[in-house]
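Structure assessment
Listed here are the chains, written in short residue letters.
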Amino acid sequence: MTTVDERPAAPAGAPRRRVNPVLALLRNSWRQLTSMRTALILLFLLAVAAIPGSVLPQRGVNPENVNRYFIDHPDLAPKLDRIGAFAVFGSIWFSAIYLLLFTSLVGCILPRIRDHLRALRSRPPAAPKRLDRLPQHAVLAAPATADAQAIAAVLRRRRWRVQVRGNEVSAEKGYLKETGNLLFHISLVAVLLGVALGSWYGWHGNRLLVAGAENAFCNTRQQYSEASLGPRVDSADLPPFCLTLDDFHAKFLPSGQPASFRATVTVDEPDGSKRTADFSVNSPLRLGSANVYLLGHGYAPILKYTDRYGRSQTSTVPFLTTGDANLTGEGVAAFPDANVDPKTGKRAPDQQVAFDGLYLPTAPDAAPFVASAFPEERNPAVVLVAYRGNLGLDAGIPGSVYKLDQRQVDNGKLKQLGDKKLGVGEKWTLDDGSTLEFLGTKPYVTLAVRYAPGQSLLLAACVVLLAGLMGSLFGRRRRVWFRVTPPDSGSPTNGSSLVEAGGLPRTEHPGFADEFAQLVAAVRDDERGAGRAREGVE
Amino acid sequence: MSALSDQLIMYATLTYLVAMISHAVEYALGNARAVSAKAATPARELVGAGVGGAGGTVEEPVTPAESRHSRSAARAALAGRIATWLTTLAVALHLGAVVSRGIAAERMPWGNMYEFVLTVTFIGAAAWLAVLWKQPSLRRLGLFLTLVMVLLLAFAQFKFYVQVSPLMPALQSYWFVVHVSTIIFASGIFLLGVVPAVAYLMRAGWEQGRRSFPYTLARRLPAAAGLERMTFALHAFAFPIFTFAVIAGAIWAEAAWGRAWGWDPKETWAFISWVVYAGYLHARATPSIKRNVATWIAILGFLTMLMNLFGVNFFFTGLHSYAGVS
Ligand code: HEM
């Protein structure tokens, strides 16, 4: 009986013949790759390769910081970009490391799975000749009636796998260690698969949603300010649901720290049904076809501009929060269609109007009005600069909706008219008699909509991973043997048998001596009890 | 309640400090001469009785015992026992500080860096007492442990202290409690694991005959093999908990931010720590790799944990930035 724990050094048995050198090289490289040492080196490389991913800004995490890095380091950034330093975890070198590692892993566990399956089916090996050479050894006198079957029964009761050969008992325990270890490594592969599934077939998009039915959004690619679809997903695959933000509540502590958020939405499901739902941070809206996560919130001031001809338009503009805890918002309200002469119906390209500035949910009592004093709307005010001229929207230059085209200001085509702070209901009359009125605000939320298949596979893999890990770390493989020498075979213990026991821990197992002693004691007690019982009968 | 917590933690730190001094006294008296261990039999722990295979201290050849030596040995043992009692007292105060902080905040006391360090160090110290209970022969490691406690607690009080405040909405989740409590627990055990790891490296050098500076400190430490086994046992215990904590964090992140894993700096460093500790377990299971190389990997693992705890919060911005540290 051979042991099966050590991997055979080479594919055994092949008769010696000339090996193709290429094959030999391949086989050698494969053996190298699947060695523990290589696995260790690759693990280290993986850890080291991840470090730049935390030091340098990453596109996937924070694209704005990447842009800022390009501005701050104009020479270095493009070079770093070429080697994928701003997307480390998708870069070729990072992928190469983990793919090699996983190849090594598979190459390592496949033979071990085969060996372990074989071991699970095989029987505990026969006892070595000299049990006293084993790490644990004991000899006990037993009644003459002692027999191997009774000892085997004791061991079986203690969940050992037992094989009786004549007057010898072989037993083994702790297969769980290797089973756990293999399950653990297999589930690592499953985790990788789950991640791959998610990135191939998943998609996600971000957008800002202002309250109100007129601002509802439907799930199409164009409706996202930023979206990314996996390589196996087409725009047409996006499930057609729509969302309307009905209401948004944020509670704050007196210190200004947020206490809770709640968004109420109406969902139009792809099947045409309609329902309302609440969701918040930590409890996303789970639609059948995607999940909707609340990422942030802010206020959209409602601004009414009445032009010099007396025609007014109202615009609800989300002012993006600047990152301060008190929700100071920054934004632009543009009125490109203002000041169209009602007689000619012609647009005057140099008569467009825009207002650029801040929104303060709680304006401080005194100037400067540059930052909100509290995140709730206690004293809402806009602080705006008015511009008139050509906004540059017609030139076909794509501009951000949330920012004024600074080039137009710089080249003098857009002129600044002055600035003003407006509370709710206040009106500002400009030099040409046109007016701007601040009517109030609507809340907005920023959402991430995400579909990530493979999550349940990931979760299942993680559960198996943990269970396997525990088995692997805390399982202990060990063997014991018992040999019964009957009284007549010249044993010195006249009239009684001799039971010799030996134990071998297959893996490090500090408690094995105790376990062995207990086992031997249990066998002795059982034999005595059985002996007495039999004596009583006979 | 909050003020009570602040006072308790100050007393706990001071008590750790006195315990450390007491351990140092034990060390110094022990080093006065190769203590005639036999003469000092009352100090059962000194000889260690080889509990759990940790082995007794390997003593230098004993010269005929002079009464002066045995007196100093008895004093060393007394100092050691006092140190242990002081550590127990400090852990009790520490527990009081953690609990009263939690009561003051009306939530689990791990909402910010200060509370995090407070709780991690508590776990480490409490686990140390548990280890000491089972293996009294390791008592001398207490010097290192109390040193680490004093440094971390003092650092936390000076650098991280914040007033009690409720949790941010993103932190109000069951998974948060699960995630953070297990991370804290695992970190505490890893922290404790560093103590025998460093002690092992020093002691192993001493046993190989090195007599230069850091190794001389190891003269009175328990046998290297036992320290190494303890290092492994602690890491093997903490690793699955840490793994679970990272998974719980991913589940929470999925609910809070819409992605289970986003390579935010904290996540990246947790990944790095996990990979390094997996490397340690591999290295230790590979016979061709020397045990001290493996132990260095474990220490490296803890450095990456520290990087995550302190470095990432200060150097990088991410979703994980805790309230109250700027
Ligand atoms: C994705 C990379 C890998 C990770 C994260 C990983 C992780 C682990 C962990 C945490 C353990 C500890 C469990 C224990 O000690 O029983 C372990 C054990 C083990 N791993 Fe890996 N492993 C990886 C790849 C590999 C590869 C490529 C090989 C083969 C060359 C391998 C072979 C082993 C073996 C043989 C053990 C058992 C050690 C023992 O006897 O205790 N692993 N692995």
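The structure reproduced in this document is the subject of the present report. (Residues numbered from 1 in each chain as written. Chains lettered and ligands numbered in written order. Predicted model: local features only at pLDDT ≥ 70, side-chain atom pairs only at ≥ 80, totals over all residues. Heavy atoms only, no water.)

**A short note on the coordination of the iron atom of the ligand**
Basically, it comes down to this: Each metal's donors are the N, O and S atoms within 2.8 Å of it, or within 3.2 Å when it is Na, K or Ca, and because water is not part of the set, sites may look incomplete. Any coordination sphere not matching a tetrahedral pattern (four donors, all angles between 85 and 135 degrees) or a square planar or octahedral pattern (four or six donors, opposite donors over 155 degrees apart, other angles between 65 and 115) is reported as irregular. By definition, any uninterrupted DSSP run of H or I lasting at least four residues is a helix, any uninterrupted run of E lasting at least two residues is a strand, and each is numbered from the N terminus. For every residue, the accessible area obtained with a 1.4 Å probe (protein chains only) is divided by the maximum for its type, and the residue is called buried under 20%, exposed over 50%, and partly exposed between those limits.
Donor atoms from the polypeptide that coordinate the iron atom of the ligand comprise His185 of chain A (NE2) and His282 of chain B (NE2), at 1.9 to 2.0 Å from the metal. For the iron atom of the ligand, the six donor atoms are set out with angles of 77 to 178° between them, so the coordination reads as octahedral. Here the residue histidine 185 of chain A occupies a position in helix H7 (residues 176-201), and histidine 282 of chain B occupies one in helix H9 (residues 265-285), the pair thus bridging two chains. We note that histidine 185 of chain A, like histidine 282 of chain B, is buried.

**Some points on unusual backbone geometry**
Note: most residues except glycine have negative phi, and most peptide bonds are trans. Residue and element names in this part refer to chain A. In this structure, arginine 159 takes a positive phi of about 65° despite not being glycine. Along the chain, arginine 159 turns up in the loop between helix H6 (148-157) and strand S2 (161-165). Using a relative accessible area of 71% as the deciding quantity, one classes arginine 159 as exposed.

**Here's the deal with the nonpolar core**
Under the convention used in this document: Put simply, a nonpolar core is a bunch of buried Ala, Val, Leu, Ile, Met, Phe, Trp, Tyr and Cys residues held in one set by side-chain atoms that sit within 4.5 Å of each other. Contacts: residue pairs with any heavy atoms within 4.5 Å of one another.
Grouped together as the largest cluster of nonpolar side chains are 118 residues, with contacts concentrated most on Phe94 of chain A together with Tyr16, Leu141, Phe190, Phe239 and Phe242 of chain B. Considering each element in turn, this core owes the most residues, 18 residues, to helix H6 (residues 174-207) of chain B. The contact partners of tyrosine 16 of chain B, leaving out residues within four places of it in the chain, are Thr87, Ala90, Val91, His94, Ala125, Thr146, Met149, Val150 and Leu153 of chain B. Val267, Tyr299, Leu384 and Val445 of chain A belong to the second-largest nonpolar core, a separate cluster that totals 50 residues.

**Re the pairing of strand S3 (residues 168-173) of chain A**
Residues and elements named next belong to chain A. Quick note on the threshold: Here, strands pair whenever DSSP counts at least two bridges between them.
Counting buried residues along S3, six of its six residues qualify, which places the element largely inside the surrounding structure. Because side chains alternate across S3, one face comprises the buried residues Glu168, Ser170 and Glu172, and the other comprises Val169, Ala171 and Lys173, equally buried. Taken together, S2 and the strand that follows it, S3, pair antiparallel across an intervening segment of two residues, in which glycine 166 is found at a positive phi of about 60°. Here six bridges tie S3 to strand S20 (residues 478-485), and the two strands are oriented antiparallel to one another. Bridged to serine 170 within S20 is tryptophan 481.

**Digging into the packing of aromatic side chains**
Let me state the cut-off plainly: When two rings of Phe, Tyr or Trp (its six-membered ring) have centres within 6.5 Å they constitute a pair, described as stacked for plane angles under 30 degrees, edge-to-face for angles over 60, and tilted for the intermediate range. A positively charged side chain is recorded as over a ring if its NZ (Lys) or CZ (Arg) lies within 6 Å of the ring centre. The angle to the ring normal must also be within 35 degrees.
Taken as a whole and assessed by the stated rule, the structure comprises 24 aromatic pairs over all chains. Between tyrosine 69 of chain A and phenylalanine 86 of chain A, the ring centres sit 5.5 Å apart and the planes meet at 65°, which makes this aromatic pair edge-to-face. Placement of tyrosine 69 of chain A in helix H3 (residues 63-72) and of phenylalanine 86 of chain A in the loop between helix H4 (76-82) and helix H5 (92-121) is noted, with a sequence separation of 17 residues between them. Like phenylalanine 86 of chain A, tyrosine 69 of chain A is buried. Consider the rings of tryptophan 261 of chain B and tryptophan 263 of chain B, whose centres lie 5.8 Å apart with planes at 85°: the pair is edge-to-face. An aromatic cluster is present here, built from Phe89, Phe94 and Tyr98 of chain A together with Trp261, Trp263 and Phe271 of chain B joined pairwise through their rings. The ring of tryptophan 160 of chain A carries arginine 478 of chain A above its face, with NZ or CZ at 5.5 Å from the centroid. The side chain of arginine 284 of chain B reaches across the aromatic face of phenylalanine 232 of chain B, ending 4.0 Å from its centre.

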